[in-house]
Amino acid sequence: MPRYELALILKAMQRPETAAVLKRTVEALMERGAIVRNLENLGERSLPYKISKHKERHRRGGYFLIDLEGPPSIVSTMMDHLGRDIDVIRRAFIKHPVSKTEECSGIIPVNYEDKLIAKKK
Amino acid sequence: MAGQAVAARGPWRRLVPVPLWEQPRRLQHEWRPSPSDQPIQMENPYKEPPKKCVLCGISVDYKNVQLLSQFVSPHTGCIYGRHITGLCNKKQKEITKAIKRAHVFGFMPVMFKDPSFLTDPKICNVKYPE
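Residues numbered from 1 in each chain as written. Chains lettered and ligands numbered in written order. Predicted model: local features only at pLDDT ≥ 70, side-chain atom pairs only at ≥ 80, totals over all residues. Heavy atoms only, no water.

By the naming in an unreviewed UniProt entry, chain B is Small ribosomal subunit protein bS18m, taken from Aquila chrysaetos chrysaetos. According to the UniProt record, the Sequence similarities (unreviewed entry) comment for chain B reads "Belongs to the bacterial ribosomal protein bS18 family." Here chain B is described in UniProt, under the heading Subcellular location (unreviewed entry), as follows: "Mitochondrion". (UniProt positions renumbered as here; feature names shortened; annotations may be inferred.)

In the nomenclature of an unreviewed UniProt entry, chain A corresponds to Small ribosomal subunit protein bS6m from the organism Aquila chrysaetos chrysaetos. Reading the Sequence similarities (unreviewed entry) entry of the UniProt record for chain A gives the comment "Belongs to the bacterial ribosomal protein bS6 family." In its Subcellular location (unreviewed entry) section, UniProt records this for chain A: "Mitochondrion".

Okay, structure coming up:
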């Protein structure tokens with residue numbers, strides 16, 4: 001089961017450089033004992049706001065999504081490691097969202113009167 | 001033998017009906033109503049199914065900015081409240097958390113709504129002051 005999802009925004013670079021960054025990121029992850037399940041490219045788009053990182057103002061970036069399985073200790077070490085990488089604009093670790101359409105039972109009308117009256121124990 | 005034949009005809013019918021004071025009477029504090037008359041306890045069969053909000057059954061993710069932008073003001077980028085969106089408790093909380101996440105992770109703009117999503121269908125009933 002995928003445990004973490006790493007949302008990565010990389011600097012807008014040429015293809016071989018982007019590939020090199022992703023390669024060393026995945027290698028760093030595997031070194032720390034993570035299993036990389038999937039690597040998705042969400043495309044290169046203009047950022048929603050200008051981000052200043054590593055003494056540069058960025059307007060465009062490449063969005064990547066890595067789902068991986070790994071020990072919880074990986075989070076802090078990887079955030080540290082990626083923070084030192086100049087080509088990474090933004091990094092974020094999330095617990096993998098278990099996408100299941102739960103049966104929503106609908107809006108149950110709340111009885112406010114009952115809540116107002118203090119319950120006598 | 002004759003008695004058996006009489007009993008086989010049916011319930012014994014008296015010549016004179018039983019007077020009121022000789023009918024079997026029950027004590028008032030022990031009175032139990034006849035079961036055939038009382039209404040049967042059952043759940044309301046005409047109950048309407050509970051109303052569902054717009055996002056019932058749809059999973060909310062911080063990545064689909066288009067869905068999240070529908071619950072955000074186009075002018076200021078503020079997240080609309082429950083009385084405007086009309087969502088149930090759970091979904092409103094999920095949407096808020098997802099929008100905040102998308103802001104921080106650099107997926108969604110903060111101060112305004114993404115211009116490409118301005119022509120999306122309106123879900124929220126916003127009323128601007130005259």
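(A) Fine view of the overall build of chain A. Scanning chain A from terminus to terminus reveals 3 helices and 4 strands. When the helices and strands of chain A are placed in sequence order, the string is β-α-β-β-α-β-α. A compact globule built from 121 residues should have a C-alpha radius of gyration of about 14 Å, whereas chain A, at 21 Å, is more than 25% larger. Across its three principal axes, chain A shows a C-alpha extent of roughly 70 × 35 × 25 Å. Burial analysis of chain A (121 residues in total) assigns 35% to the buried set. Here the analysis covers contacts within chain A between residues at least 6 apart in sequence; of these, 74% occur between residues at least 24 apart. Looking at chain A, you have 23 positive and 16 negative side-chain charges, and the mean spots of the two groups are 6 Å apart. (Helix = DSSP H or I, 4+ residues; strand = E, 2+ residues; numbered from the N terminus. Rg over C-alpha atoms; globule rule 2.2 N^0.38 Å. Buried < 20%, exposed > 50% of the residue type's maximum accessible area, 1.4 Å probe, protein only. Contact = heavy atoms within 4.5 Å. Lys, Arg positive; Asp, Glu negative; His and termini not counted. Charge placed at Lys NZ, Arg CZ, Asp CG, Glu CD.)

(B) Examining the sheet that holds strand 3 (residues 56-69) of chain A more closely. Pairing within the open sheet is antiparallel, and its 4 strands lie in the order 2-3-1-4 (chain A). What marks the edges here is a single partner per strand, and that holds for strand 2 (35-53) and strand 4 (88-95) of chain A. The average angle at which neighbouring strand axes cross in this sheet is 20°, direction not considered. Set on the sheet, helix 2 (residues 74-84) of chain A makes contact with strand 1 (4-11), strand 3 and strand 4 of chain A; between it and strand 4 of chain A the angle comes to about 170°. Sheet strands touched by helix 4 (residues 89-105) of chain B: strand 1, strand 2 and strand 4 of chain A. Its angle to strand 4 of chain A, the strand with the most contacts, is close to 150°. (Pairing = 2+ DSSP bridges. Axes fitted to C-alpha atoms, helices over the stretch in contact; angles between N-to-C directions.)

(C) Up close: the state of the cysteines. Residue and element names in this part refer to chain B. Following the criterion strictly, the structure yields 0 disulfides over all chains and no others. Cys78 takes part in no disulfide bond, and the closest cysteine sulfur, belonging to Cys124, lies 13 Å away. Cys78 sits in the partly exposed class, given a relative accessible area of 44%. (Disulfide = S-S within 2.5 Å.)

(D) Fine view of the pattern of salt bridges. A complete count under the given rule lists 9 salt bridges over all chains for this structure. Salt-bridge contacts for Arg84 of chain A lead to Asp80 of chain A; the nearest nitrogen and oxygen are separated by 3.1 Å. Of this pair, Arg84 of chain A and Asp80 of chain A both sit in helix 2, 4 residues apart, which is roughly one turn of that helix. The exposed category is assigned to Arg84 of chain A, whose relative accessible area is 60%. Lys63 of chain B serves as the salt-bridge partner of Asp61 of chain B, at 3.4 Å between the closest nitrogen and oxygen. By sharing partners, the salt bridges in this structure join Glu5 of chain A together with Asp61 and Lys63 of chain B into a single network. (Salt bridge = Lys/Arg side-chain N within 4 Å of Asp/Glu carboxyl O.)

(E) Here's a closer look at the packing of aromatic side chains. Tallied over the entire structure, the rule returns 4 aromatic pairs over all chains. A network of ring pairs unites the aromatic residues Tyr63 of chain A together with Tyr62, Phe105 and Phe107 of chain B as a single cluster. (Phe/Tyr/Trp six-rings, centres within 6.5 Å; stacked < 30°, edge-to-face > 60°.)

(F) View of the environment of Ala34 of chain A. Mapped onto the fold, Ala34 of chain A is located in the loop between helix 1 (15-31) and strand 2. Residue contacts for Ala34 of chain A: discarding those within four places in its chain leaves Leu29, Leu68, Glu69, Gly70 and Ile74 of chain A.

(G) Spotlight on helix 2 of chain A. Residue and element names in this part refer to chain A. Taken together, the buried positions of helix 2 are Ile74, Met78 and Leu82. One face of helix 2 carries all of its buried residues, which in axial projection span an arc of 50°. For helix 2, the exposed residues set more than 90 degrees away from the buried face come down to Ser76 and Arg84. Of the surrounding elements, those touching the buried residues of helix 2 are strand 1, helix 1, strand 3 and strand 4. (Arc of directions from axis to C-beta.)

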